[in-house]
Amino acid sequence: MADERVGLEGLKDAMRGQAAQTTTTGAPAPADDPGEARQPLRDAFGRAYATGRRKNAVARVWVKPGSGRITVNGRDIVNYFPRPVLRMVINQPFVVTQTKGQFDVICTVKGGGLSGQAGAVRHGLSHAMGRWDPALRPPLKAQGFLTRDSRVVERKKYGKAKARRSFQFSKR
């Protein structure tokens with residue numbers, strides 16, 4: 001029983017061999033490999049698709065080159081999100097990447113309230129823009145737009161008025 005000890009260099013060589021086997025077998029190479037650049041992901045209509053989530057809202061977002069028109073659930077963004085702050089949240093990826101007015105956005109949103117839906121659209125829009133042009137990904141990642149905000153409402157517990165709020169204490 002001879003135990004064969006392999007150093008870090010041996011492990012690196014073994015991992016390179018496994019990666020070479022997976023790329024020759026037809027499976028896609030890992031995108032995080034620093035030697036390989038990301039490729040644009042577009043459908044047959046020339047659109048990039050991504051899903052965004054925030055609180056309980058889920059947004060499906062399609063991005064294609066155009067005049068800067070944003071449509072949410074078949075309505076214009078001004079009609080769907082009447083508050084300017086929510087529209088500003090959605091336009092943040094365009095401001096960061098300096099691509100204002102270059103993309104048409106079509107999205108469908110379900111669940112949550114308007115604030116969560118705006119955050120979901122921003123999250124999906126950022127991912128879709130990164131899939132359209134991988135060069136846009138680093139500034140979006142630096143601003144944190146590609147990270148899903150996982151904070152959701154805490155559930156109500158039994159014996160409590162809300163999630164943590166107790167009923168009012170009565171001394172007498």
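As a reminder, the structure under discussion sits directly above these lines.
Looking only at helices and strands, one finds 5 helices and 5 strands in the protein. Secondary structure elements of the protein, listed N to C terminal, follow the sequence α-β-β-β-β-α-α-β-α-α. A burial count over the protein gives 28% of its 172 residues as buried. Here the contacts in the protein between residues at least 6 apart in sequence split such that 67% fall between residues at least 24 apart.

What follows is about the nonpolar core. With 29 residues, the main nonpolar core has V61, F81, I90 and L125 as its most contacted residues. Where this core is concerned, the elements lending two or more residues are strand 1 (48-54), strand 2 (57-65), strand 3 (70-72), helix 2 (77-80), helix 3 (84-97), strand 5 (103-110) and helix 4 (114-132). The element best represented in this core is helix 4, accounting for 7 residues. Ignoring sequence-local partners within four residues, the contact set of I90 consists of I70, I77, F81, A118, V121 and L125.

This part covers the pairing of strand 1. Side chains of strand 1 alternate between two faces, with A48, A50, G52 and R54 buried and Y49, T51 and R53 left unburied. Examined bridge by bridge, strand 1 and strand 2 share 7 bridges and lie antiparallel to one another. Following the sheet pairing, R54 is matched in strand 2 by A57.

When you line up the elements, R75 lands in strand 4 (residues 75-76). Those residues in contact with R75 that sit more than four places away from it in its chain are I70 and Y80. Within the structure, R75 has its side chain in polar contact with the backbone oxygen of N79 (distance 3.3 Å).

Before going further, it helps to spend a moment on the pairing of strand 2. Here strand 1 folds back onto strand 2 in antiparallel fashion, the turn holding 2 residues, of which K55 has a positive phi close to 50°. Pairing analysis gives 8 bridges linking strand 2 to strand 5, with the strands arranged antiparallel. Counterpart to W62 in the pairing with strand 5 is I106.

Bringing the packing of helix 3 against helix 4 into the picture now. Running from N to C, helix 3 and helix 4 cross one another at 15°; their axes reach a closest spacing of 8 Å. Comparing the axis directions of helix 3 and helix 4 gives the class roughly parallel. The crossing of helix 3 and helix 4 is right-handed. Counting all contacts with helix 3, which are made through L86, V89, I90, Q92, P93, F94 and T97, the residues of helix 4 involved are L114, S115, A118, V121, R122, L125, S126 and M129. Its residues assigned to classes, the contact of helix 3 with helix 4 comprises 10 nonpolar, 4 polar and 1 charged.

So, how was this worked out
Residues numbered from 1 in each chain as written. Predicted model: local features only at pLDDT ≥ 70, side-chain atom pairs only at ≥ 80, totals over all residues. Heavy atoms only, no water. Helix = DSSP H or I, 4+ residues; strand = E, 2+ residues; numbered from the N terminus. Buried < 20%, exposed > 50% of the residue type's maximum accessible area, 1.4 Å probe, protein only. Contact = heavy atoms within 4.5 Å. Core = buried A, V, L, I, M, F, W, Y, C linked by side-chain atoms within 4.5 Å. Pairing = 2+ DSSP bridges. Polar contact = N/O pair within 3.5 Å; in protein donor to acceptor, adjacent residues only side chain to side chain. Axes fitted to C-alpha atoms, helices over the stretch in contact; angles between N-to-C directions. Parallel < 35°, antiparallel > 145°, perpendicular 65-115°, else oblique. Left-handed = near helix turned anticlockwise from the far one by under 90°. Nonpolar A, V, L, I, M, F, W, Y, C, P; charged D, E, K, R; others polar.

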